[in-house]
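# Inside the fold
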Amino acid sequence: MVSEIKKIFQQKFSGEPLIVRSPGRVNLIGEHTDYNEGFVLPAAIDKAIYVAIGRRTDNVLHLYSNDFNESLKINLTNIKPVKGWATYILGVVDQLIKKGFDIAGFNLILSGDIPIGAGLSSSAAVECATVFALNELFSLKIEKTAMVRIAQKAEHEYAGVMCGIMDQFTSMFGKKDSVIKLDCRSLEYEYKPLQLEGYKLVLLNTNVKHELASSEYNTRRQQCEQAVAWIKKDHSQVNSLRDVTIAMLEPLASIDPIIYNRCKYVVDENQRVLDSCDALEKADLHALGKKMFSTHDGLSKEYEVSCKELDYLVNAVKGNPHVLGARMMGGGFGGCTINLVKEEAIDELIANLSIGYKENMLLDLTAYVVVTGQGTELVNH
Ligand code: GLA
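Sequence order as written defines residue numbering, which begins from 1 separately in each chain. Residues qualify for local features only when their pLDDT is at least 70, as the model is predicted, and side-chain atom pairs are given and counted only at 80 or more; totals for whole chains, interfaces and linings, by contrast, use all residues. Side-chain metrics in this entry use all non-hydrogen atoms of the structure; hydrogen atoms and water are not considered.

Method remark: on a 1 Å grid restricted to protein atoms, a set of points is classed as a cavity if a 1.4 Å probe fits but cannot get out and as a pocket if it is open with protein on both sides within 12 Å along at least five of seven lines; lining residues have an atom within 4 Å of a point. Grid points are joined across faces, edges and corners, and a volume is the space filled by probe spheres set on the points. Estimates place the volume of the second largest pocket at around 240 Å³. Forming the boundary of the second largest pocket are 17 residues, of which Asp34, Tyr35, Asn36, Glu37 and Arg221 lie nearest the centre. Secondary structure elements with two or more residues in the lining of the second largest pocket: helix H4 (144–159) and helix H6 (213–234). The element that contributes the greatest number of residues to the lining of the second largest pocket is H6, accounting for four residues. Ten residues, namely Ala, Val, Leu, Ile, Met, Phe, Trp, Tyr, Cys and Pro, are considered nonpolar, four, namely Asp, Glu, Lys and Arg, are considered charged, and the remaining ones, Gly among them, are considered polar. Grouping the constituent residues of the lining of the second largest pocket by class yields six nonpolar, five polar and six charged. Per the convention used, a helix needs a DSSP run of H or I reaching at least four residues, while a strand needs a run of E reaching at least two, with both numbered from the N terminus.

In summary, the pairing rule links any two rings of Phe, Tyr or Trp, Trp by its six-membered ring, whose centres are within 6.5 Å, and it sorts them by plane angle into stacked for under 30 degrees, edge-to-face for over 60 and tilted for everything else. Throughout the structure, instances matching the rule amount to eight aromatic pairs. Residues Tyr312 and Tyr357 carry aromatic rings whose centres are separated by 6.1 Å and whose planes lie at 50 degrees to one another, so their mutual orientation is tilted. In this pair, Tyr312 is assigned in helix H11 (residues 308–317) and Tyr357 in helix H12 (residues 346–361), connecting sequence segments 45 residues apart. Summary of the burial criterion: residues with accessible area below 20% of their type's maximum are buried, those above 50% are exposed, and those between are partly exposed, where the area comes from a 1.4 Å probe applied to protein chains only. Among the residues examined, Tyr312 registers a relative accessible area of 21% and is labelled partly exposed. The class of Tyr357 is buried, set by a relative accessible area of 0%. Taken together, the ring pairs connect Phe169, Phe173, Tyr189 and Tyr191 into an aromatic cluster. Each ring is checked for a lysine NZ or an arginine CZ that lies within 6 Å of its centre and within 35 degrees of its normal; such an atom marks a charge sitting over the ring. When the ring centre of Tyr64 is taken as origin, the NZ or CZ atom of Lys12, which lies over that ring, is 4.3 Å away. The ring of Phe39 carries Lys181 above its face, with NZ or CZ at 5.6 Å from the centroid.

The subject of this paragraph is the sheet that holds strand E1 (residues 18–27). Two strands form a pair only when DSSP identifies at least two bridges running between them. Within the open sheet, the six strands sit side by side as E5-E4-E6-E3-E1-E13. Their pairing is mixed. What marks the edges here is a single partner per strand, and that holds for strand E5 (70–75) and strand E13 (377–378).

Once that is clear, we can look at the sheet that holds strand E2 (residues 39–40). Strands pair in a sheet through their backbones, by hydrogen bonds, and they do so in one of two ways: parallel or antiparallel. Taken together, the three strands give an open sheet; going across it, the order is E2-E7-E8, and neighbouring strands pair in antiparallel fashion. Of all strands in the sheet, those with a lone pairing partner are E2 and strand E8 (189–193), marking the two edges. Should any heavy atoms of two residues lie within 4.5 Å, those residues are counted as being in contact. Between N-to-C directions, angles span 0 to 180 degrees; the directions come from axes that are lines fitted to C-alpha atoms, helices contributing only their stretch in contact. Contacting E2, strand E7 (178–183) and E8, helix H5 (residues 166–173) crosses the sheet at an angle of about 135 degrees to E7.

The subject of this paragraph is the site of the ligand. One heavy atom suffices: a residue is near a molecule or strand as soon as one of its heavy atoms comes within 4 Å of it. Neighbouring residues of the ligand: Arg25, Glu31, His32, Asp34, Tyr35, Cys163, Gly164, Met166, Asp167, Tyr217, Gly330 and Gly331. Here an oxygen atom of the ligand sits 2.5 Å away from a polar atom, N or O, in the side chain of Asp34. Asp167 places a side-chain nitrogen or oxygen 2.6 Å from an oxygen atom of the ligand. Here the residues of the shell around the ligand sort into four nonpolar, four polar and four charged. Side-chain atoms alone can form a polar contact between residues adjacent in sequence; in general such a contact is a pair of N or O atoms within 3.5 Å, and within protein one must be able to donate a hydrogen while the other accepts it.

Moving on to the environment of Val179. Inspection of the secondary structure assignment puts Val179 in strand E7. Not counting the four nearest positions on each side in its chain, Val179 is found in contact with Leu28, Leu41, Pro42, Ala43, Glu190, Tyr191, Lys192, Leu194 and Leu280.

With respect to the helices and strands, the residue Glu31 is situated in the loop between E1 and E2. The buried category is assigned to Glu31, whose relative accessible area is 1%. In this structure the C-alpha to C-alpha distance between Glu31 and Asp113, which are 82 residues apart in sequence, comes to 24 Å. Separated by 3.0 Å, the side chains of Glu31 and Asn27 make a polar contact.

Here we take up the packing of helix H3 (residues 122–137) against H5. Running from N to C, H3 and H5 point in directions that differ by 55 degrees, and their axes come no closer than 9 Å. Judged by the inter-axis angle, H3 sits oblique to H5. The hand of the H3/H5 crossing is right-handed. Side by side, H3 and H5 meet where Ala124, Ala125, Glu127, Cys128, Val131 and Phe132 of the first sit next to Asp167, Gln168, Ser171 and Met172 of the second. A class-by-class count of the residues in the contact of H3 with H5 yields six nonpolar, two polar and two charged. The labels follow the angle: roughly parallel below 35 degrees, roughly antiparallel above 145, roughly perpendicular from 65 to 115, and oblique for the rest. Here a crossing is taken to be left-handed if its near helix is turned anticlockwise relative to the far helix by less than a right angle, and right-handed if that turn runs clockwise.

On to the pattern of salt bridges, then. Salt bridges, as used here, are contacts in which a Lys or Arg side-chain nitrogen is within 4 Å of a carboxyl oxygen on Asp or Glu. Applying the stated criterion across every chain yields a total of 24 salt bridges. Of the charged contacts, one joins Glu190 and Lys192 as a salt bridge, the two residues approaching to 3.1 Å between their closest N and O atoms. Accessibility expressed as a relative area gives 8% for Lys192, which makes it buried. As a salt-bridge pair, Lys291 and Asp275 come within 3.6 Å of each other at their nearest N and O atoms. Residue Lys291 is found in helix H10 (residues 285–302), and its partner Asp275 is found in helix H9 (residues 257–281); the two are separated by 16 residues along the sequence. Assessed through its relative accessible area of 26%, Lys291 is described here as partly exposed. What makes Asp275 partly exposed here is its relative accessible area of 27%.

Treat this as a map of the structure, not an account of what it does.
Here's what the structure looks like:
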């Protein structure tokens, strides 16, 4: 990939580009907890976005997506959101300008192998690759956590999704063979070795992304904020659902049962992340798997961000002795399920599920066996 993107850069433009690689992510457990200041347990994967970048002598950005075979030329003074892949790059540029960083025109080639719309955070990877590349190119001296914040803000303002920090943080800070236990309130993090002893993480892609995804995502976030505002009236120390106990939630059950369910899910999920970390430390994969199933239940019935395709895939592996755990992953309304599967059983499982999925959902199933990878890095030397 590196030599290919370099060649394209040199054919289209000229000179020696900087090349940055930024990975997609999976999340073992801890879903919809990040923007509630809770815990998550994600890992970077071996699928990534690559950016090749070089300076220009004017104030023009010339962007080219190798995968879409599309290009965009835009002046630095005229940056605004656009449709598609370029908006994530422009969103980052906009943040840098707003923060007063001194940048000028550049040529950029984008390429990658993260499946799009699969919930593996290809957009976060583009944002992280872009901010990292621009930081190098213009010697901006931005530290990594600040780059993560810039990438997240680009997603808010240019893609319109009020995402938490998990995806960008994982893309930037990922480490091979490790998951990251991240406290989304303090941003304290710890790498935990991912030792799966004969099991593997398998992603099953529903190959759907329902239209609702981003609007419902933003609604969930607002519902959580509404709950915090209500609870704060009696408990002034509460600043987020991270500070909330099930007992504090009880009054909400009669005021707004839907919001109560959303919050109950989040409070339980934070505990499940902590319990899963203990399980990982004790190499108790059965316990981890059970938590994954419980998370799916909560996401489907209380948080209501699943869909029939995701539920089908999780139900289809329930009771299978080779599958310790399964759940939908990411924001929801499509994308992948993440499954903890005995290595020898993977091929047969995928073959059988593909038939059932086609028959019942009238769609093809795609499967990926997860390999963890490094976070954002320069790859040309
Ligand atoms: C998306 C968002 C993340 C996180 C997950 C749900 O991936 O980008 O910030 O909220 O959904 O856990």
